[in-house]
Amino acid sequence: MIRTHGLTKRYGGILAVDDVDLDVREGDVYGFLGANGSGKTTTVRMLLGLVLATSGTAEVLGEAMPRHAGRVLPEVGALVESPGAYPRLSGRANLRVHDALGRGRRSGRAGRVDDVLDRVGLGGVDERPVASYSLGMRQRLGLAHALLGHPRLLVLDEPTNGLDPQGIHEIRDLLLELHAGGTTIFLSSHLLAEIEQLATRVGVLDRGRLVIEDDLATLTRPTGRTYLRTRDVDRARALLDGQVEHVGEDHLLVRVDDVAELNALLVRDGVRVTELAPERRTLEDVVLAATVAGSDRIERG
Amino acid sequence: MIAVELHQLLRSRRTWVTILMIDSLPTLVAVLLGVTEVGPRPGTGPAFLSAVLTDGTLFPLAAIAIVLPLFMPIAVSIVAGESIAGEAQQGTLRYLLVRPVARTRLLVAKLVSVMVFVLLTLAVVAATAYVTGTLLLGDAPVAATTTVSGTTLTQQELILRTLLALAYAMLSMFGVASIALCLSTFVDAPLGAALGTLAVLVASTLLLTLDAADSIAPYLLTRYWLAFVDLFRDPILWRDVVRGALLQVVYVAVFLGIAWANFATKDVKD
């Protein structure tokens, strides 16, 4: 669905995006992670033809961007950074304007607008101007914009920005529903938890470079070590000599082939076990190991 | 895109308030002239104003001469200056472009919308001025109108020449609109584009009063704006009108060219 090759953007002397090769497949929920200032938004803008790449190529839905934007973009729904709307018009009027700019005929317009408003939870919205909307309502309206025209690909930049926990949950369900219906979703975010709950594949950007791109399941699969929490750390350590890879205050990391055997051995020897589980890396561990702090952190020095 | 743009223009309350405000000045002038019957001495004051006391049908032209040097350019600068920069500031520009609306088409739609605004304003000003002129001011000859040169014009000729004058005024405003649109593709704030355009106008007007700037005077934007008065001489004095029209065409071509070249390759980051 999205494939880039050597995508690079340079602003003056600053390399914002550096030689990025993305591969988003049909049916993915692709989590695009990166610290603030890592080049996520610039990449998204290049995919949509808003920013022109310094070098490299981008293909969206199998066609070159931005050359074939006219054919590609009608099939793409986008929310780029913050939602944008005419402040003096109502949410419904804004959607009507955008629908009129798309391919849809006039006859079904009201129905299409009501449909997307319902989907994002603004079905009962009145004719108040958007200027009076709360941040969460604007965000929902932005999502409604993106959903107009049943896009095959959704490109969403921080879609849950400004929503309360209830709203975040709702939007997550909406995205999962769309995904189940066959929509491919490219989700850019710096919220690890959000990506971990939604994504099937993950790409991580660090200072403009794509440092990780893999299935979420692969990234967070068991490491092969076993996490053992016990009150008798020293006895367990002596017992398992040679297999212990890490000793903590109240836990050990052990490399064994058979966890059931390990458990039996510990019990037989009277070691009091509080927890025994395969060690898993969280997405946070993976991302933190691969990246440095975001550009909003400025050290003295 | 053009239809949507026009719909937005005509729906906007601001459009009509602006037109009303522009229209109020010539109307006020008509009322004052009608009440006091004191016109400027021939040869002084805005064009046609001395003639309208005897012939109210010339007042639409006087009204255009009143609004053209200042009111119209300010309104056009603001409307055209807002076209691209305003969308960028509201955060709607990127959503228009990903809908997608092709960049060139967006530029054309904005330009058409500005020119419709100009046409609308001039039409309202001329129509109001015709009504106030015939009601409040002199209505001496019914069949024939006196030209600036003293000869008479038939009704038909008067209408034709008035339309020509309106077209000329529109072309003059087209030049202003092009500059404002061009600046609008460069800056992030609509006010910047509007004020930049006004700066060009003020500079042009100022240089025209300076004898030392005589050599560049024929190329200044505002030099021939009021040349449409020459359309009401007998015979018509074409020289300045033609020069003015050509000059505006050059300004329009240059600034729209720059606007297009810049906008078509611009990184949309706001």
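Criteria and thresholds
Counting restarts for each chain, with residues numbered from 1 along the sequence as it is written. Throughout, the order in which chains and ligands are written sets their labels, letters from A for the former and numbers from 1 for the latter. Where local features are concerned, this predicted model is filtered to residues with pLDDT of at least 70; where side-chain atom pairs are given and counted, the filter is 80 or more; whole-chain, interface and lining totals use all residues. To get the side-chain values, take all heavy atoms of the structure and skip hydrogens and water. UniProt positions are given in the numbering used here, feature names are shortened, and annotations may be inferred rather than shown by experiment. Strands here are runs of E lasting at least two residues and helices are runs of H or I lasting at least four, both read from the DSSP assignment and numbered beginning at the N terminus. Here a residue-residue contact requires only that any non-hydrogen atoms of the pair lie within 4.5 Å. Here the buried area means the combined drop in accessible surface, using a 1.4 Å probe, for two parts upon being joined, counting both sides. A pairing counts as a salt bridge when a side-chain nitrogen of Lys or Arg comes within 4 Å of a carboxyl oxygen of Asp or Glu. Note that Gly is not counted as nonpolar here; it falls among the polar residues with everything else outside the nonpolar set of Ala, Val, Leu, Ile, Met, Phe, Trp, Tyr, Cys and Pro and the charged set of Asp, Glu, Lys and Arg. Put simply, the grid is 1 Å and covers the protein atoms alone, a cavity is a trapped set of points that fit a 1.4 Å probe, a pocket is an open set with protein on both sides within 12 Å along at least five of seven lines, and lining residues have an atom within 4 Å of a point. Grid points are joined across faces, edges and corners, and a volume is the space filled by probe spheres set on the points. A pair of strands is treated as paired once DSSP finds two or more bridges between them. Structural elements are reduced to axes, namely lines fitted to C-alpha atoms, with helices fitted over the stretch in contact, and the angle between N-to-C directions of any two is expressed from 0 to 180 degrees. When accessible area is computed with a 1.4 Å probe and restricted to protein chains, residues below 20% of their type maximum are described as buried, those above 50% as exposed, and intermediate ones as partly exposed. Patch construction takes residues with relative accessible area above 30% that form no salt bridge. Like charges are linked within 9 Å, and nonpolar side chains (Val, Leu, Ile, Met, Phe, Trp, Tyr) are linked within 5 Å. Exposure was quantified through the Shrake-Rupley algorithm and a 1.4 Å probe, taking into account, for residues, occlusion by the shown protein chains and nothing else.

As recorded by an unreviewed UniProt entry, chain B carries the name Efflux ABC transporter, permease protein and is attributed to uncultured Nocardioides sp.

Peer 1: Quick one: what's the story with the UniProt feature "transmembrane region" (unreviewed entry) in chain B, residue by residue and with numbers?
Peer 2: All names here are of chain B. Under the present numbering, the feature "transmembrane region" (unreviewed entry) in UniProt falls on residues 16-38, 58-85, 106-131, 158-183, 190-210 and 244-263. Between the C-alpha atoms that bound residues 16-38 the distance is 31 Å, and the span itself is 91% helix and 0% strand. Helix makes up 100% of residues 106-131 and strand 0%, whereas the separation of the span's terminal C-alpha atoms amounts to 37 Å.

Peer 1: Just give me the short version of the interface of chain B and chain A, but keep the residues and values in it.
Peer 2: Of the residues lining the interface, 24 residues belong to chain B; the matching set on chain A comes to 30 residues. Both faces combined, the contact of chain B with chain A buries some 2,400 Å², and carbon together with sulfur accounts for 56% of it. The largest contributions to the chain B side of the interface with chain A come from Tyr95, Val98 and Arg99 of chain B, which together make up 31% of the buried area. Summed over the shared surface of chain B and chain A, the result is one salt bridge. With its nearest N and O atoms 2.6 Å apart, the salt bridge here joins lysine 9 of chain A to aspartate 267 of chain B. Listing elements by their share of the side of chain B that touches chain A, those giving two or more residues are α1 (2-11), α4 (71-90) and α5 (93-98) of chain B. No other element matches the five residues that α5 of chain B contributes to the side of chain B that touches chain A. Taken together, the residues of the side of chain B that touches chain A sort by class into 10 nonpolar, five polar and nine charged.

Peer 1: Run through empty space enclosed by the protein, naming residues and quoting values.
Peer 2: Counting across every chain of the model gives two cavities of 30 Å³ or more. Broken down by secondary-structure element, the contributors of at least two residues to the lining of the largest cavity are β7 (76-79) and α5 (135-147) of chain A together with α5 of chain B. With three residues, the single largest contributor to the lining of the largest cavity is β7 of chain A. Looking at the lining of the largest cavity residue by residue, the class counts come to five nonpolar, three polar and one charged. Along the walls of the second largest cavity sit Thr160, Ile168, Ile171, Arg172, Leu175, Glu194 and Leu198 of chain A, which together make up its complete lining. Of all the secondary structure elements, the ones that give two or more residues to the lining of the second largest cavity are α6 (165-180) and α7 (192-198) of chain A. No other element matches α6 of chain A, which puts four residues into the lining of the second largest cavity.

Peer 1: So what's going on with the sheet that holds strand β8 (residues 153-157) of chain A? Residues and values would help.
Peer 2: All names here are of chain A. One open sheet accounts for six strands, arranged β7-β8-β9-β4-β10-β11; its pairing is mixed. Whereas interior strands pair on both sides, the edge strands pair on one side only; in this sheet they are β7 and β11 (209-215). In this sheet, neighbouring strand axes are inclined to one another by 15° on average, regardless of whether the strands run parallel or antiparallel.

Peer 1: Explain helix α3 (residues 59-67) of chain B to me, using residue names and the numbers behind them.
Peer 2: Residues and elements named next belong to chain B. Here α3 lies mainly inside the structure; nine of its nine residues are buried. Considered for burial, the residues of α3 that qualify are Phe59, Pro60, Leu61, Ala62, Ala63, Ile64, Ala65, Ile66 and Val67. Lining the buried residues of α3 we find α2 (13-36), α4, α6 (103-136) and α7 (155-184).

Peer 1: Quick one: what's the story with a nonpolar patch on the surface, residue by residue and with numbers?
Peer 2: All names here are of chain B. Side chains of Val31, Val35, Tyr130, Val131, Leu135 and Leu136 sit close together on the surface and give an oily, nonpolar patch of about 570 Å² of accessible area. Of all elements in the fold, only α2 and α6 reach the threshold of two or more residues within the nonpolar patch. Broken down by element, the nonpolar patch gets its largest block of residues, four residues, from α6. The topology assignment puts valine 131 in helix α6.

Peer 1: Could you give an account of the pairing of strand β13 (residues 244-247) of chain A, with specific residues and numbers?
Peer 2: Residues and elements named next belong to chain A. Here β13 pairs with strand β14 (residues 251-254) via three bridges, running antiparallel. Bridging across to β14, histidine 246 finds its partner in leucine 253. Following β13, the chain reverses through three residues before pairing antiparallel with β14.

Peer 1: Summarise the pattern of salt bridges; cite the residues concerned and give the values.
Peer 2: Residues and elements named next belong to chain A. According to the stated counting rule, one finds 29 salt bridges over all chains in the structure shown. As a salt-bridge pair, aspartate 23 and arginine 25 come within 3.8 Å of each other at their nearest N and O atoms. Under the relative-accessibility criterion, aspartate 23 is labelled buried at 18%. Using a relative accessible area of 42% as the deciding quantity, one classes arginine 25 as partly exposed. Between glutamate 213 and arginine 201 there is a salt bridge, with its nearest N and O atoms 3.8 Å apart. Residue glutamate 213 is found in strand β11, and its partner arginine 201 is found in strand β10 (residues 201-206); the two are separated by 12 residues along the sequence. Residue arginine 201 is classed as buried on the basis of its relative accessible area, which comes to 4%. Taken together, the shared-partner salt bridges in this structure form one network comprising Asp28, Arg201, Glu213 and Asp215.

Peer 1: How would you sum up the sheet that holds strand β12 (residues 222-230) of chain A? Please name residues and give values.
Peer 2: Residues and elements named next belong to chain A. With antiparallel pairing, the four strands of this open sheet are ordered in space as β13-β14-β12-β15. With one partner strand each, in any of the chains shown, β13 and β15 (273-280) form the two edges of the open sheet. Each strand of the sheet is rotated relative to its neighbour by a mean of 25°, with strand direction disregarded. Pairing of β12 with β14, which is carried by four bridges, proceeds in the antiparallel orientation.

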